[in-house]
Number of protein chains: 2
Amino acid sequence: MTTTTDTDTAVRTLHRVFPADQILTDAGSLERYSHDDAEWAEYTAPLAVVLAQSTDDVARVVRWAGEHGVRVVPRGAGTGLSGGANAFPGSVVVSLERMNRVLEVNTDERYAVTQAGVINDALRAEVAKSGLWYPPDPASSAISTIGGNAATNAGGICCVKYGVTRDYVLGLTVVLADGEVVTLGRKTAKGVAGYDLTGLLVGSEGTLGVITEVTVKLLPLSGRDERAVIGFFPSLEAAGTAVAEISRAGIIPAALELIDHTCLVAVDEWQHLGLPGDVDTLLLCRIDERGAAGDELADRVESIFTAAGGTDVERATDPDEITRLFLARRLAYPALERLGPVLTEDICVPRKAVPTMLARIQETTRRHDVTIANIAHAGDGNLHPLIITPVGDEAAKARAKEAFDTIVADCLDLGGTVTGEHGVGLLKLPGLRAELGERVLAMHAAVKNALDPQATLNPGKAF
Amino acid sequence: MTTTTDTDTAVRTLHRVFPADQILTDAGSLERYSHDDAEWAEYTAPLAVVLAQSTDDVARVVRWAGEHGVRVVPRGAGTGLSGGANAFPGSVVVSLERMNRVLEVNTDERYAVTQAGVINDALRAEVAKSGLWYPPDPASSAISTIGGNAATNAGGICCVKYGVTRDYVLGLTVVLADGEVVTLGRKTAKGVAGYDLTGLLVGSEGTLGVITEVTVKLLPLSGRDERAVIGFFPSLEAAGTAVAEISRAGIIPAALELIDHTCLVAVDEWQHLGLPGDVDTLLLCRIDERGAAGDELADRVESIFTAAGGTDVERATDPDEITRLFLARRLAYPALERLGPVLTEDICVPRKAVPTMLARIQETTRRHDVTIANIAHAGDGNLHPLIITPVGDEAAKARAKEAFDTIVADCLDLGGTVTGEHGVGLLKLPGLRAELGERVLAMHAAVKNALDPQATLNPGKAF
């Protein structure tokens with residue numbers, strides 16, 4: 001670690017490397033760039049923020065950092081929920097938000113090459129112009145970047161059928177810890193030339209290299225007929241039964257989302273959607289097989305919903321109507337944030353264990369005297385218990401942290417993983433230790449040390 | 001490197017670790033286990049072969065090897081085509097063929113846990129009993145093992161739609177270079193806990209750890225209606241046009257295979273299939289969408305085939321009829337092997353470059369005076385030029401090796417990769433160097449050194 005005088009000197013030298021309009025050092029900016037959406041995790045103002053405009057800019061920051069013993073925290077849009085982009089003493093944040101150009105859309109091979117700072121929805125819109133589709137759809141798709149999605153291996157709503165970010169990343173341009181730039185992966189449909197370093201970098205949360213460009217695989221935009229089926233259930237158990245039955249029937253929906261009572265009430269109190277009274281849990285299903293085959297699958301989902309005790313079962317094929325039915329899902333998070341600071345959990349359990357896990361979360365609510373609302377990618381067993389505390393209530397915040405730990409422990413007990421799609425960052429470090437064990441963590445440390453021997457890149461995150 | 005006396009002593013000590021029926025040291029066995037199906041690559045008889053029966057057996061071999069300075073070559077069924085399982089001086093082969101039990105099939109979560117030595121088709125048959133499907137289908141599926149498939153990230157015929165082995169490996173049990181056993185990955189549908197070490201081990205060709213158990217993701221067996229469409233084309237170019245048009249139309253077939261004239265003639269001369277006269281190239285397409293939507297896609301494939309100059313276009317929905325139509329594909333390799341030793345290429349180029357690459361291969365045939373037949377996973381741009389030499393003709397063998405190098409160079413020139421699905425092994429080491437460059441190879445070496453500092457596991461392979 002360098003001394004304060006050293007770092008002051010270092011920041012002065014940074015001004016020799018970049019023009020003034022690419023460096024932020026004012027207190028407001030340093031605060032704004034000091035953490036991502038995981039404010040519950042530790043953070044400190046960085047020494048400076050560099051607004052990179054090219055891969056070469058990133059390489060220059062990293063080389064400069066290496067020379068001055070400064071650590072680099074890469075940052076996309078700062079929408080992470082685990083603290084992966086939180087700054088710490090003696091660090092500089094390199095923001096890739098200005099690297100927001102889609103460089104190539106190749107319709108013959110169905111791929112796109114994009115700079116890391118392109119917003120997920122913007123990429124989706126851009127490739128749609130060429131009749132192509134980029135499936136991974138994290139709930140943050142309107143505000144998160146492809147680079148951040150790749151660094152955290154982001155999931156989303158349609159993953160249950162279409163897979164996560166890693167499944168779509170064919171290749172990367174990466175700035176390594178010594179400031180050298182490499183191209184990893186390929187643009188061909190298949191390839192097994194060497195280790196899967198592309199896949200290793202995806203989800204490594206900026207600890208092995210800074211991702212500056214991403215080559216993503218695309219699917220044809222056409223060929224899917226979307227239908228939504230929704231149903232209200234009298235209990236979490238009844239909804240859980242429906243989820244299990246859909247899986248057992250061999251139906252793979254394009255989305256299968258669960259919204260619990262606490263969440264529904266928060267949305268309804270805010271937006272007055274006129275939800276049916278006396279309901280507990282909402283399931284939202286999307287089926288996108290084409291034609292009569294898809295209609296038949298949707299019929300089966302309706303039957304399963306009804307048999308499991310679902311009421312007010314509705315069906316839609318019109319895009320606007322589907323959007324309306326999924327409205328409660330989209331509004332859930334902002335509706336809950338109105339009630340106070342939200343600590344977002346992200347666990348994934350075996351599908352069959354979803355009802356048990358939800359029951360344990362209810363028990364945790366009682367035991368720790370906290371409010372927990374649940375949104376779940378139920379078809380994946382990926383639950384997001386959202387722990388809400390009143391503004392300024394420090395005692396409640398402490399209880400929320402205890403509840404967070406209890407949920408992680410319960411998840412591991414049921415054979416789950418401590419993070420389904422948000423990443424480890426800082427918040428899940430204790431849980432990860434319990435999940436992986438010392439030997440596998442030592443493998444992580446060995447790989448990290450092999451690719452970043454000076455620990456320049458985002459040290460202390462991800463494992 | 002240990003001396004001869006040392007290794008003799010070492011092999012004697014091996015008999016203290018394993019009972020006699022798990023160690024092979026006779027000349028016949030040593031020869032049989034000294035190479036995989038890439039006889040063109042270098043190999044030497046190993047010191048001994050250990051027939052492992054458990055993960056613990058593998059751990060004991062690796063620990064013993066580390067203590068005696070012996071190298072370990074892991075081996076599944078020895079069906080590899082790049083020399084990844086070829087033995088070298090001072091090595092011991094550990095065969096996992098006896099570890100052939102499927103340990104668990106979980107219908108709720110749709111995964112199976114299998115020992116590494118289970119044959120691909122045997123796993124497929126086992127999970128089918130539970131209504132589940134394991135898609136990856138290398139041409140060697142009747143004889144290759146899941147462990148070998150994972151170690152090489154094997155592809156196959158249905159990858160064009162369903163992905164390769166890595167896309168289905170959720171978790172692994174691995175013996176590390178120091179003989180410790182770790183469990184990597186997960187059994188949940190999603191998970192981002194730590195680096196993707198599972199994906200790193202898949203395709204690492206036994207150089208980072210020995211895979212002893214594999215947890216694979218499964219799909220529902222039902223929900224697909226298979227149809228085959230075949231067509232004969234007057235030229236490679238015409239067939240290439242049809243392939244490009246299918247891609248451009250946004251159709252993703254479940255298989256799209258190309259068989260060239262040399263291959264067709266070899267099959268017909270052997271099996272007298274009564275192929276239509278005056279044809280050059282055969283395309284085989286499989287469409288598996290359900291119901292009318294699938295029928296419509298098959299109609300479009302037929303139209304595309306005909307528009308591109310295809311003749312004798314045939315269609316089948318009956319499973320036996322589909323099998324008959326795909327017969328020429330299945331018989332291609334054995335039909336060619338009747339003509340002499342076959343040097344199998346495995347390159348992958350952008351789909352659009354398939355006709356150009358095939359034209360360059362024809363040019364290579366002339367320039368190097370060799371016989372080359374082509375089978376291709378055309379929908380992926382993955383070509384298998386098969387270079388055939390007369391038995392015992394050493395001059396022809398030398399020309400074949402030159403042709404091999406020319407094809408690799410042409411593939412790189414067209415933006416392709418030197419190995420689409422067979423792996424690097426030994427045969428593709430020069431091509432890999434050209435493809436990846438020194439810095440990315442240095443990353444490989446750093447990762448290898450981090451996880452296997454004594455270079456105990458299959459050194460000299462894969463990169």
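Residue positions are given per chain, counted from 1 along the sequence in the order it is written. Here the convention is simple: chains get letters from A, ligands get numbers from 1, in the order in which they are written. The predicted nature of this model means local features are confined to residues of pLDDT at least 70 and side-chain atom pairs, given and counted, to a pLDDT of 80 or more, with totals for whole chains, interfaces and linings taken over all residues. By convention in this description, side-chain values take in all heavy atoms of the structure and omit both hydrogens and water.

Topic: the overall build of chain A
Part 1 of the reasoning: Secondary structure summary: chain A contains 16 helices and 19 strands in total.
Part 2 of the reasoning: It is over C-alpha atoms that the radius of gyration is taken, and the globule rule equals 2.2 Å times the number of residues to the power 0.38. Scaling as 2.2 N^0.38, a compact globule of 463 residues should have a C-alpha radius of gyration of about 23 Å, and chain A matches this with 23 Å.
Part 3 of the reasoning: Each principal axis of the C-alpha atoms in chain A carries an extent, and together these give about 70 × 60 × 45 Å.
Part 4 of the reasoning: The buried label applies to any residue whose accessible area, calculated with a 1.4 Å probe on protein chains only, is under 20% of its type's maximum; exposed applies above 50%, and partly exposed to all values in between. Burial statistics for chain A: of 463 residues in total, 59% are counted as buried.
Part 5 of the reasoning: Here the contacts in chain A between residues at least 6 apart in sequence split such that 72% fall between residues at least 24 apart.
Part 6 of the reasoning: For accessible areas, the Shrake-Rupley method is used with a probe of radius 1.4 Å. Any residue's cover is judged against the shown protein chains and nothing else. A total accessible area of about 16,500 Å² is found for chain A, and carbon and sulfur atoms account for 50% of it. Here a strand is any run of E in DSSP of at least two residues, a helix any run of H or I of at least four, and the numbering for each starts at the N terminus. For this analysis, residues touch if any pair of their heavy atoms sits within 4.5 Å.

A few points about the environment of B:Pro430
Residue and element names in this part refer to chain B.
Part 1 of the reasoning: Residue position: proline 430 is located in helix H15 (residues 429–451).
Part 2 of the reasoning: We classify proline 430 as exposed; its relative accessible area is 59%.
Part 3 of the reasoning: Spatially, the C-alpha atom of proline 430 lies 9.4 Å from that of valine 408, the residues being 22 residues apart in sequence.

Digging into the packing of aromatic side chains
Part 1 of the reasoning: Two rings belonging to Phe, Tyr or Trp (six-membered ring only in the last case) form a pair when the distance between their centres is within 6.5 Å. Interplanar angles under 30 degrees mark stacking, angles over 60 mark edge-to-face geometry, and anything in between is tilted. The tally for this structure, following the rule as stated, stands at eight aromatic pairs over all chains.
Part 2 of the reasoning: An angle of 80° between the planes, with centres 4.8 Å apart, marks the rings of B:Trp133 and B:Tyr162 as edge-to-face. Taken together, the residues B:Trp133 in strand E7 (residues 132–133) and B:Tyr162 in helix H6 (residues 159–162) connect sequence positions 29 residues apart. For the pair shown, B:Trp133 and B:Tyr162 are each scored as buried.
Part 3 of the reasoning: Relative to B:Phe305, the ring of B:Phe233 has its centre 5.3 Å away and its plane inclined at 80°; by these criteria the two rings are edge-to-face. Residue B:Phe233 is found in strand E12 (residues 227–233), and its partner B:Phe305 is found in helix H10 (residues 291–307); the two are separated by 72 residues along the sequence.
Part 4 of the reasoning: Taking the relative accessible area as the measure of exposure, B:Phe233 reaches 1% and is therefore buried.
Part 5 of the reasoning: Counting as a charge over the ring demands two things of the Lys NZ or Arg CZ atom: a distance within 6 Å of the ring centre and an angle within 35 degrees of the ring normal. Above the face of the A:Phe326 ring, A:Arg286 is positioned so that its terminal group lies 5.4 Å from the ring centre.

Examining the pairing of strand E3 (residues 71–75) of chain A
Residue and element names in this part refer to chain A.
Part 1 of the reasoning: By the criterion of burial, E3 is predominantly enclosed, with four of the five residues buried.
Part 2 of the reasoning: By the convention used here, strands pair only if DSSP detects at least 2 bridges between them. Two strands pair when backbone bridges link them, and E3 and strand E4 (residues 91–95) are joined in this way by five bridges, in the parallel orientation. Paired with valine 72 across the strands is valine 92, a residue of E4.

Quick look at the relation of the copies chain B and chain A
Part 1 of the reasoning: When the copies are superposed, the least-squares fit takes in the C-alpha atoms of residues with a pLDDT of at least 70 in both. Least-squares fitting of chain B to chain A yields an RMSD of 0.0 Å, with the transformation described by 0.0 Å of translation along the axis and a rotation of 180°. What the superposition gives is, in effect, a two-fold axis relating one chain to the other.
Part 2 of the reasoning: In this assembly the copies share their binding face: 100% of the residues contributing to the interface of chain B also contribute to that of chain A.

Brief notes about the pairing of strand E8 (residues 169–175) of chain A
Residue and element names in this part refer to chain A.
Part 1 of the reasoning: Most of E8 sits inside the fold, with seven of its seven residues counted as buried.
Part 2 of the reasoning: By the bridge criterion, six bridges tie E8 to strand E10 (residues 210–217) in an arrangement that is antiparallel. The residue of E10 that forms the bridge with valine 175 is valine 210.
Part 3 of the reasoning: By the bridge criterion, five bridges tie E8 to strand E9 (residues 181–185) in an arrangement that is antiparallel.

Some thoughts on a negative patch on the surface
Part 1 of the reasoning: On the surface, A:Glu31, A:Asp37, A:Glu39 and A:Glu337 cluster together into a patch of negative charge.
Part 2 of the reasoning: Position of A:Glu337 among the secondary structure elements: in helix H12 (residues 327–337). Each patch is built from residues that are more than 30% exposed by relative accessible area and take part in no salt bridge. Like charges join if they lie within 9 Å; nonpolar side chains (Val, Leu, Ile, Met, Phe, Trp, Tyr) join within 5 Å. Any Lys or Arg side-chain nitrogen found within 4 Å of a carboxyl oxygen on Asp or Glu counts as a salt bridge. The charged-residue count follows a simple rule in which Lys and Arg add positive charge and Asp and Glu add negative charge, with His and chain termini not counted at all. Every charge is mapped to an atom, namely NZ of Lys, CZ of Arg, CG of Asp or CD of Glu.

So, the sheet that holds strand E3 (residues 71–75) of chain B
All names here are of chain B.
Part 1 of the reasoning: What the four strands build is an open sheet, ordered E1-E2-E4-E3; its pairing is mixed. Where the open sheet ends on each side, the last strands, each with one partner, are strand E1 (23–24) and E3.
Part 2 of the reasoning: Sheet analysis places E1 next to strand E2 (residues 48–51), joined by two bridges and oriented antiparallel. Across the sheet, isoleucine 23 pairs through a bridge with valine 50, a residue of E2.
Part 3 of the reasoning: Here an axis means a line fitted to C-alpha atoms, over the contact stretch when the element is a helix, while the angle between two N-to-C directions is reported on a 0 to 180 degree scale. Its contacts with the sheet put helix H3 (residues 55–68) on E2, E3 and strand E4 (91–95), and the angle it makes with E4 is roughly 175°.

Here's the deal with the domain arrangement of chain A
All names here are of chain A.
Part 1 of the reasoning: Start and end positions for the domains come from either an automated domain assignment or a database one. For chain A, the domain assignment lists domain 1 (7–95), domain 2 (102–220) and domain 3 (223–336).
Part 2 of the reasoning: When each unit is reduced to the centre of its C-alpha atoms, the spacing between domain 1 and domain 2 is 23 Å.
Part 3 of the reasoning: Contacts between domain 1 and domain 2 engage 11 residues on the former and 17 residues on the latter.
Part 4 of the reasoning: Summing both partners gives a buried area of about 1,000 Å² for domain 1 against domain 2, and 70% of it is carried by carbon and sulfur.
Part 5 of the reasoning: If you look at where domain 1 meets domain 2, you find zero salt bridges.
Part 6 of the reasoning: Element by element, the count of residues in the side of domain 1 that touches domain 2 is highest for helix H3 (residues 55–68), at five residues.
Part 7 of the reasoning: Basically, the charged four are Asp, Glu, Lys and Arg, the nonpolar ten are Ala, Val, Leu, Ile, Met, Phe, Trp, Tyr, Cys and Pro, and anything else, Gly included, counts as polar. In terms of residue class, the side of domain 1 that touches domain 2 is built from five nonpolar, five polar and one charged. Accessible surface is computed with a 1.4 Å probe, and the buried area is the amount of it that two parts give up when combined, taken over both parts together.

Regarding the interface of chain B and chain A
Part 1 of the reasoning: Facing 74 residues of chain B, the contacting portion of chain A comprises 74 residues.
Part 2 of the reasoning: It is B:Lys190, B:Val192 and B:Tyr195 in chain B that bury the most area against chain A; as a group they hold 16% of the surface buried on that side.
Part 3 of the reasoning: The interface formed by chain B and chain A includes 18 salt bridges.
Part 4 of the reasoning: Of all the elements in the fold, those that place two or more residues in the side of chain B that touches chain A are strand E9 (181–185), helix H7 (197–201), strand E11 (219–220), helix H8 (236–248), H10 and H15 of chain B.
Part 5 of the reasoning: When the residues that make up the side of chain B that touches chain A are grouped by side-chain class, the tally is 31 nonpolar, 24 polar and 19 charged.

Notes on the nonpolar core
Part 1 of the reasoning: Throughout this description, the term nonpolar core refers to a set of buried Ala, Val, Leu, Ile, Met, Phe, Trp, Tyr and Cys residues connected via side-chain atoms within 4.5 Å. Judged by nonpolar contacts, the single largest core of 81 residues is most densely connected at A:Leu197, A:Leu200, B:Leu197 and B:Leu200.
Part 2 of the reasoning: Examining the composition of this core, we find that seven residues originate from one element, H15(B), more than from any other.
Part 3 of the reasoning: Those residues in contact with A:Leu197 that lie beyond four places of it in its chain are A:Leu184, B:Leu200, B:Val440, B:Met443, B:His444 and B:Val447.

Concerning H15(B)
Part 1 of the reasoning: Taking 1.5 Å per residue as the helical rise, H15(B) with its 23 residues ought to reach 33 Å, whereas the 21 Å between its terminal C-alpha atoms falls clearly short.
Part 2 of the reasoning: In this analysis the local bend is the angle between axes fitted, respectively, to the seven residues ending at and the seven residues starting at the residue. Bending of H15(B) peaks at approximately 105° at the position of B:Gly437.
Part 3 of the reasoning: Buried within H15(B) we find B:Gly431, B:Leu432, B:Leu436, B:Val440, B:Leu441, B:Met443, B:His444, B:Val447, B:Lys448 and B:Leu451.
Part 4 of the reasoning: Those residues of H15(B) that are buried lie in contact with E9, helix H7 (197–201) and helix H16 (438–451) of chain A together with H7 and helix H14 (394–413) of chain B. How far a helix is expected to stretch is found by multiplying one less than its residue total by 1.5 Å.

Quick look at the confidence of the model for chain A
Part 1 of the reasoning: Values of pLDDT, which run from 0 to 100, indicate the predictor's confidence residue by residue. Mean pLDDT over chain A works out to 95, with 99% of the residues at or above the 70 mark.
Part 2 of the reasoning: What the predictor reports for the complex is a pTM of 0.96 with an ipTM of 0.96.

Focus on the pattern of salt bridges
Part 1 of the reasoning: Counted under the stated rule, the structure contains 66 salt bridges over all chains.
Part 2 of the reasoning: One salt bridge in this structure joins A:Arg227 and A:Asp295, with 2.6 Å as the shortest N-O distance. Placement of the pair is A:Arg227 in strand E12 (residues 227–233) and A:Asp295 in helix H10 (residues 291–307), with a sequence separation of 68 residues.
Part 3 of the reasoning: The class for A:Arg227 is buried, based on a relative accessible area of 2%.
Part 4 of the reasoning: A residue is classified by how much of its surface remains accessible, and A:Asp295, at 34% relative accessible area, is partly exposed.
Part 5 of the reasoning: B:Arg366 serves as the salt-bridge partner of B:Glu363, at 3.4 Å between the closest nitrogen and oxygen. Separated by three residues within a single helix, B:Glu363 and B:Arg366 lie in helix H13 (residues 354–367), roughly one turn from each other.
Part 6 of the reasoning: Residue B:Arg366 is classed as exposed on the basis of its relative accessible area, which comes to 59%.

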